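Next come the chains, spelled out residue by residue.
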Amino acid sequence: MKSSYSEKDVVILLKDITGMIQPLSAEKREEKIQQGIHYSELLPVEYQPTQEYLNLYHQALTLHAACTAQAVVSLAEQIWKEKEGQVTLVSLARAGTPIGILIKRYLQQTYQVDVAHYTISIIRDKGIDKNAMNYILSRHSAQSIQFVDGWIGKGAIARELKKTIADYPKVSSTLAVLADPAQITPLCGTREDFLIPSACLNAPISGLFSRTVYNQDLIGQHDFHGAVYYHEFEKMDFSYSFIEKIQMYFDKVTVTFPIQSDLSGLQEIEQIAQEFKISNLNYIKPGIGETTRVLMRRVPWKVLVQDKEDSQYIGHIKQLCREKQVEIIPYPLIHYRTCGIIQQLEDL
């Protein structure tokens, strides 16, 4: 798979399907998804950030680089201890990819080890890419594998991972993430719903490749899941400037070990669903990262926010809402700073 990342940082186990699939507008794709076509069979048109939005990204990077580095360092130390120094990083494409690179670089810098790092696809209701898993397991021990992602919203991918990894008895299904406001995984950098700057952008901060695709017209029995390379973003590629900015703070932060509480964020989501008459929990996307994704590639209905005046964490979300004319509603969120709600088909 072509990307703007170096193979020294990550081996991308995806099939390049550039030019083989037609991206759809958010409205057309949403209609097809809600009519029953699986989201992984379709590719959204990639969000083209405005200059005002890019300015907000750069501000977010300046504001949150140190706390992102602290979450990376804390998570990397937990992984190193958990795996007793035998680590194979497997990041979940694509939000997990830059996080996996940062963890790899921290371990290299701190322990002088060059751990292997792969990025592979996992898709809700379809499972993990088994061809990619077989490729990794033919080269590394099952016990060394550590799955990595950016954040957990309400835990759908964490649950999918647990279900699908049952086919690999010696592989741990524990997902390591920077932010886990849902209180789902024991391996996280923080329980806070903070703004990971890479959540602000899609391909331009993730090696210039798309979200993953599993469409059997394009993906054969022995193929990896697919993705598209975006040549048009080559002059707007922040993939390495993001990584290098965070890496600058590795020596300046302290290690923390977040405590997991018994209260899950899922209960809060169920309450929101009931209050706003949402029939499918998949239409509710809690947390800063997931809300951003809704605004960039789905058809958003409303955005709930803990604090409407918050510009430090949700300035980019407010800008996207202005661009897309989406209503922002103050709401007493407990686990999350924001929550995006997708528009239901009957309202389109």
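Source: prediction; values computed, not measured.

**Considering helix α2 (residues 51-82)**
- His 64 marks the point of greatest bend in α2, at about 55°.
- Where α2 terminates, the next one or two residues include Glu 84, which has phi positive at roughly 50°.

**Points about the sheet that holds strand β12 (residues 300-305)**
- With respect to topology, 4 strands assemble into an open sheet ordered β11-β14-β12-β13, the strand pairing being mixed. Each end of this open sheet is capped by a strand with a single partner; those strands are β11 (284-286) and β13 (327-330). The sheet shows a mean angle of 20° between the axes of neighbouring strands, direction not considered.
- Bridging between β12 and strand β14 (residues 338-342) involves 5 bridges; their strand directions are antiparallel.

**Quick word on the nonpolar core**
- Formed by 64 residues in total, the largest nonpolar core has its most connected members in Tyr 5, Tyr 57, Ile 103, Leu 201, Phe 242, Ile 246 and Phe 250.
- Elements represented by at least two residues in this core include exactly α2, α3 (96-111), β7 (145-151), β8 (175-179), α6 (239-247), α8 (288-297), β12 and α9 (315-324).
- With 14 residues, α2 is the largest single contributor of residues to this core.
- By size, the runner-up hydrophobic cluster in this structure holds 39 residues, among which are Ile 122, Met 133, Leu 161 and Tyr 168.

**Topic: the pattern of salt bridges**
- Evaluated as defined, the whole model comprises 12 salt bridges.
- One connected set of salt bridges, linked through shared partners, spans Glu 192, Asp 310 and Arg 337.

**Comments concerning the sheet that holds β7**
- Spatial ordering of the open sheet is given by β1-β4-β3-β7-β8-β9, a layout of 6 strands whose pairing is parallel. A single partner strand is all that each edge strand has here, and the edge strands are β1 (11-12) and β9 (188-190).
- Strand direction decides the pairing type here: β7 and β8, joined by 4 bridges, are parallel. By the bridge assignment for β8, Asp 149 is matched with Val 177.

**What to know about the side chain of Glu 268**
- In this fold, Glu 268 is placed in helix α7 (residues 265-275).
- The side chain of Glu 268 is buried and forms no salt bridge, while Arg 337, the nearest opposite charge, is found at 12 Å.
- Excluding its chain neighbours within four sequence positions, the residues that come into contact with Glu 268 are Pro 332, Leu 333, Ile 334, His 335 and Tyr 336.

**Concerning the packing of aromatic side chains**
- By the definition in use, this model includes 10 aromatic pairs.
- Summarising the aromatic geometry, the rings of Trp 80 and Tyr 111 are spaced 4.6 Å apart at their centres and angled 15° between planes, so their arrangement reads as stacked. Placement of Trp 80 in helix α2 and of Tyr 111 in helix α3 is noted, with a sequence separation of 31 residues between them.
- With a relative accessible area of 27%, Tyr 111 lands in the partly exposed category.
- Aromatic ring contacts, followed pair by pair, group Tyr 118, Tyr 135 and Phe 224 into a single cluster.
- When the ring centre of Tyr 135 is taken as origin, the NZ or CZ atom of Arg 139, which lies over that ring, is 3.6 Å away.

Thresholds applied
Residues numbered from 1 in each chain as written. Predicted model: local features only at pLDDT ≥ 70, side-chain atom pairs only at ≥ 80, totals over all residues. Heavy atoms only, no water. Bend = angle between axes of the 7 residues up to and from the residue. Helix = DSSP H or I, 4+ residues; strand = E, 2+ residues; numbered from the N terminus. Pairing = 2+ DSSP bridges. Axes fitted to C-alpha atoms, helices over the stretch in contact; angles between N-to-C directions. Core = buried A, V, L, I, M, F, W, Y, C linked by side-chain atoms within 4.5 Å. Buried < 20%, exposed > 50% of the residue type's maximum accessible area, 1.4 Å probe, protein only. Salt bridge = Lys/Arg side-chain N within 4 Å of Asp/Glu carboxyl O. Lys, Arg positive; Asp, Glu negative; His and termini not counted. Contact = heavy atoms within 4.5 Å. Phe/Tyr/Trp six-rings, centres within 6.5 Å; stacked < 30°, edge-to-face > 60°. Lys NZ or Arg CZ within 6 Å of the ring centre and 35° of its normal.

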